[in-house]
Amino acid sequence: MIRRLVDSEDPDRLYTVTGGRSRAGDTAFDLVTLVTSRSEPTPGMQSEHVRILRVCRAPTAVVELSADLRLPVSIVKILLSDLLERGRISARHPSTPNDPSQLPDPAFLKQVLVGLQKL
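Owing to the predicted nature of the structure, the values given are computational and were not obtained by experimental measurement. (Residues numbered from 1 in each chain as written. Predicted model: local features only at pLDDT ≥ 70, side-chain atom pairs only at ≥ 80, totals over all residues. Heavy atoms only, no water.)

A. Representation of the environment of Leu69 within the structure. Positionally, Leu69 belongs in helix H4 (residues 62–69). Residue class for Leu69 comes out buried when judged on its relative accessible area of 5%. For Leu69, the contacting residues outside a window of four places in its chain are Arg51, Ile52 and Val76. (Helix = DSSP H or I, 4+ residues; strand = E, 2+ residues; numbered from the N terminus. Buried < 20%, exposed > 50% of the residue type's maximum accessible area, 1.4 Å probe, protein only. Contact = heavy atoms within 4.5 Å.)

Structural data, given as structure tokens:
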């Protein structure tokens, strides 16, 4: 059995990174929430916060950020909530149109899927 990277992560380190917290604050980040930096890192910041601010110079989904940082999504959400509370990042959820006529044609989506499967 191959151990995953998260399985080999030191639990004490994760506890330290989050300050002992196991859940993000009231802010609900989901996997597709797009995060964008609003400021540059400052001296003395936690290294994980610095890495988040650098990666998120362009809008980045929470799940991508988790993969880039090689940290569990739950830990990344806690770190993001810290940065959001301090105004260092902005977060927005992808929106879906309310009007069904603005959604893509299902037949077109099926053609795209077939084309991708042929690759």
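B. Fine view of the confidence of the model for the protein chain. Looking at the protein chain, pLDDT values average 81 and 76% of them are 70 or higher. In this model, residues 1–7 is a region of pLDDT below 50 whose contacts with residues beyond four sequence positions or in other chains number 3 contacts. (pLDDT = per-residue confidence, 0-100.)

C. Highlighting the nonpolar core. Residues Val35, Ile52, Leu65, Val76, Leu80 and Ile89 are the most contacted members of the largest nonpolar core, which totals 17 residues. When contributions to this core are tallied by element, the ones reaching two or more residues are helix H3 (47–55), H4 and helix H5 (73–85). Counting residues per element, this core draws most heavily on H5, at 5 residues. Once residues within four sequence positions are removed from consideration, Ile52 is found in contact with Ser37, Leu65, Leu69, Leu79, Leu80 and Leu83. (Core = buried A, V, L, I, M, F, W, Y, C linked by side-chain atoms within 4.5 Å.)

D. Spatial organisation of a nonpolar patch on the surface. Side chains of Phe108, Leu109, Val112, Leu116 and Leu119 sit close together on the surface and give an oily, nonpolar patch of about 540 Å² of accessible area. Summarising the element assignment, Leu109 is placed in helix H6 (residues 106–118). (Patch = residues over 30% accessible without salt bridge, like charges linked within 9 Å, V, L, I, M, F, W, Y side chains within 5 Å. Areas by Shrake-Rupley, 256 points an atom, 1.4 Å probe, with all protein chains shown as cover. Salt bridge = Lys/Arg side-chain N within 4 Å of Asp/Glu carboxyl O.)

E. Expanded view of unusual backbone geometry. Of note in the backbone geometry, Arg70 takes a positive phi value of approximately 55° without being a glycine. Relative to the elements of secondary structure, Arg70 occurs in the loop between H4 and H5. The exposure class of Arg70 is exposed, given its relative accessible area of 59%.

F. Structural view of the packing of H3 against H4. It is the contact of H3 with H4, at a shortest axis distance of 11 Å, that shows an interaxial angle of 125°. Comparing the axis directions of H3 and H4 gives the class oblique. Taken as a pair, H3 and H4 cross one another with a handedness that is right-handed. On H4, the residues that touch Arg51, Ile52 and Val55 of H3 are Leu65, Asp68 and Leu69. (Axes fitted to C-alpha atoms, helices over the stretch in contact; angles between N-to-C directions. Parallel < 35°, antiparallel > 145°, perpendicular 65-115°, else oblique. Left-handed = near helix turned anticlockwise from the far one by under 90°.)

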